[in-house]
Amino acid sequence: MTAFTMLPITVNNDKLPVLDPDSYEPFGIIETNSLRHWILGRDAGLVDLKKQKALAPYVNPPLLKSNHIVAGSDYATSTGIYDDVNQTLVVVFQMPDGLSTTPLCSYETPIQTGVGVLTSSTNSIVMINKRSGGTVNESYPAVPGQWYFAAISVSLTETKVSIPALSIERTFSVNTPGTTGYVINVGGRSGGGFSGLGNVAEAIVFDKALSLSEITKLYNRSKSRMADRGVII
């Protein structure tokens with residue numbers, strides 16, 4: 001089982017998206033075992049908490065707000081990370097009302113190979129894992145205006161999806177491993193009907209497939225962290 005190491009960090013960069021380092025996590029820690037981690041918002045809220053590397057605009061930069069960004073359509077940022085077959089994507093986003101958006105995805109358009117967390121115009125959250133020989137595409141009803149934590153964990157043999165606030169924990173078998181080649185974006189290019197803009201407060205990328213129990217632990221820490229910023233998930 002993956003250990004979640006809690007280590008103190010020193011914050012001396014005033015461009016980080018939150019002003020008080022203690023609000024990152026209890027005792028001033030971050031997800032130290034994540035590949036990359038962004039808390040989005042404030043004046044320069046596109047800065048990676050781990051490596052202090054800014055997200056590069058993908059077509060157009062997202063709009064920065066006090067505790068989140070507005071992303072989707074062509075207003076997105078590239079993480080610089082390619083999707084892989086052992087990976088977990090996490091996003092905290094607000095469900096829009098009647099809009100199709102791409103809070104976190106790794107494909108040019110939703111109909112191509114990749115993984116992602118999307119919203120549909122029917123007020124549903126869509127978890128997608130389109131891989132060669134193994135496709136997951138299920139939607140779950142959600143409440144407009146509500147903030148949600150969602151995770152999609154991809155391994156060689158299965159895909160796990162989790163939306164704790166909706167009590168959703170699903171595991172799907174994958175017959176054939178996927179291939180890399182698409183860059184993970186916060187937001188995504190318009191196409192396939194997912195062309196709206198929505199609010200995103202956090203994004204985390206792990207270079208490993210987390211278990212459902214590990215995702216639950218991750219959610220509990222994110223829940224506390226987001227509450228400090230007025231985002232209730």
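Because the structure is predicted, anything quoted here is derived from the model rather than measured.

Q: Any chance you could break down the overall build of the protein for me, citing the residues and the numbers?
A: Within the protein, the regular secondary structure consists of 1 helix and 15 strands. Split into buried and exposed, the 233 residues of the protein put 55% on the buried side. Of the contacts made within the protein by residues no fewer than 6 positions apart, 62% connect residues no fewer than 24 positions apart. With the model as given, the accessible surface of the protein reaches about 9,500 Å², and the carbon-plus-sulfur share is 51%.

Q: So what's going on with the environment of threonine 77? Which residues, and what values?
A: If you trace the backbone, threonine 77 turns up in strand β5 (residues 77–82). Sequence separation of threonine 77 and leucine 104 is 27 residues, and the distance between their C-alpha atoms is 9.8 Å.

Q: Summarise the nonpolar core; cite the residues concerned and give the values.
A: Ranked by size, the top nonpolar core spans 30 residues in total, and within it Ile125 and Met127 carry the most contacts. With 4 residues, strand β11 (residues 147–154) is the largest single contributor of residues to this core. Judged by nonpolar contacts, the second largest core, of 17 residues, contains Val90, Ala151, Ala201 and Ile233.

Q: I'd like a description of the pairing of strand β14 (residues 183–186), backed by residues and values.
A: Both β5 and β14 contribute to a ladder of 3 bridges, which runs antiparallel. What sits directly across from tyrosine 82, in β14, is valine 183. Relative to β14, strand β7 (residues 101–105) is paired through 2 bridges, and the arrangement is antiparallel. Bridge pairing in β14 links leucine 104 to valine 186.

Q: Before we move on, could you go through empty space enclosed by the protein and cite the residues and values that matter?
A: Summed over the entire model, instances satisfying the criterion amount to 2 cavities of 30 Å³ or more. In this structure, the largest cavity occupies an estimated 40 Å³ of space. Ala71, Phe93, Gln94, Pro96, Thr101, Thr102, Pro103, Thr119, Gly198, Asn199 and Val200 are the residues that line the largest cavity. Elements with a contribution of two residues or more to the lining of the largest cavity: β6 (87–94), β7 and β15 (197–206).

Q: I'd like a description of the packing of aromatic side chains, backed by residues and values.
A: Under the counting rule described, the total for this entry stands at 2 aromatic pairs. Residues phenylalanine 93 and tyrosine 148 carry aromatic rings whose centres are separated by 6.4 Å and whose planes lie at 40 degrees to one another, so their mutual orientation is tilted. Of this pair, phenylalanine 93 sits in strand β6 while tyrosine 148 is found in strand β11, placing the two residues 55 residues apart along the sequence. Accessibility expressed as a relative area gives 1% for phenylalanine 93, which makes it buried.

Q: Explain the side chain of asparagine 185 to me, using residue names and the numbers behind them.
A: Residue position: asparagine 185 is located in strand β14. Once residues lying within four places of it in the same chain are set aside, the contact partners of asparagine 185 are Tyr58, Thr77, Ser78, Pro103, Leu104 and Cys105.

Q: So what about the environment of leucine 156? Which residues, and what values?
A: The residue leucine 156 is located in the loop between β11 and β12 (158–163) in this model. Overall, leucine 156 belongs to the partly exposed group, its relative accessible area being 44%. C-alpha of leucine 156 to C-alpha of aspartate 84: the two residues are 72 residues apart in sequence and 9.5 Å apart in space.

Q: Describe in detail the side chain of lysine 160, supporting the description with residues and values.
A: Mapped onto the fold, lysine 160 is located in strand β12. Of note is the side chain of lysine 160, whose polar atom sits 2.3 Å from the side chain of glutamate 158. Among residues more than four places away in sequence, those in contact with lysine 160 are Ala151, Ile152, Ser153, Arg170, Thr171, Leu210, Ser211 and Leu212.

Q: Describe helix α1 (residues 212–227), and please don't skip the residues or the numbers.
A: Over its 16 residues, α1 runs 22 Å from end to end, which matches the ideal 22 Å to within 8%, given 1.5 Å per residue. Of the positions making up α1, those classed as buried are Leu212, Glu214, Ile215, Leu218, Tyr219, Arg221, Ser222, Arg225 and Met226. Summarising the contacts, the buried residues of α1 are in contact with β1 (36–39), β6, β11, β12, β13 (168–173) and β15.

Q: Could you give me a rundown of the pairing of β6, with the residues and numbers involved?
A: Counting buried positions along β6 gives 7 out of 8 residues, so the element sits mostly inside the fold. Taken together, the 8 bridges between β6 and β11 define a ladder with antiparallel strand orientation. Across the sheet, valine 91 pairs through a bridge with alanine 150, a residue of β11. Where β6 meets β15, 6 bridges bridge the pair, whose relative direction is antiparallel.

Definitions and cut-offs
- Residues numbered from 1 in each chain as written.
- Predicted model: local features only at pLDDT ≥ 70, side-chain atom pairs only at ≥ 80, totals over all residues.
- Heavy atoms only, no water.
- Helix = DSSP H or I, 4+ residues; strand = E, 2+ residues; numbered from the N terminus.
- Buried < 20%, exposed > 50% of the residue type's maximum accessible area, 1.4 Å probe, protein only.
- Contact = heavy atoms within 4.5 Å.
- Areas by Shrake-Rupley, 256 points an atom, 1.4 Å probe, with all protein chains shown as cover.
- Core = buried A, V, L, I, M, F, W, Y, C linked by side-chain atoms within 4.5 Å.
- Pairing = 2+ DSSP bridges.
- 1 Å grid on protein atoms, 1.4 Å probe; cavity = no way out; pocket = protein on both sides within 12 Å on 5 of 7 lines; lining within 4 Å.
- Points joined across faces, edges and corners; volume = space filled by probe spheres on them.
- Phe/Tyr/Trp six-rings, centres within 6.5 Å; stacked < 30°, edge-to-face > 60°.
- Polar contact = N/O pair within 3.5 Å; in protein donor to acceptor, adjacent residues only side chain to side chain.
- Expected span 1.5 Å × (residues − 1).

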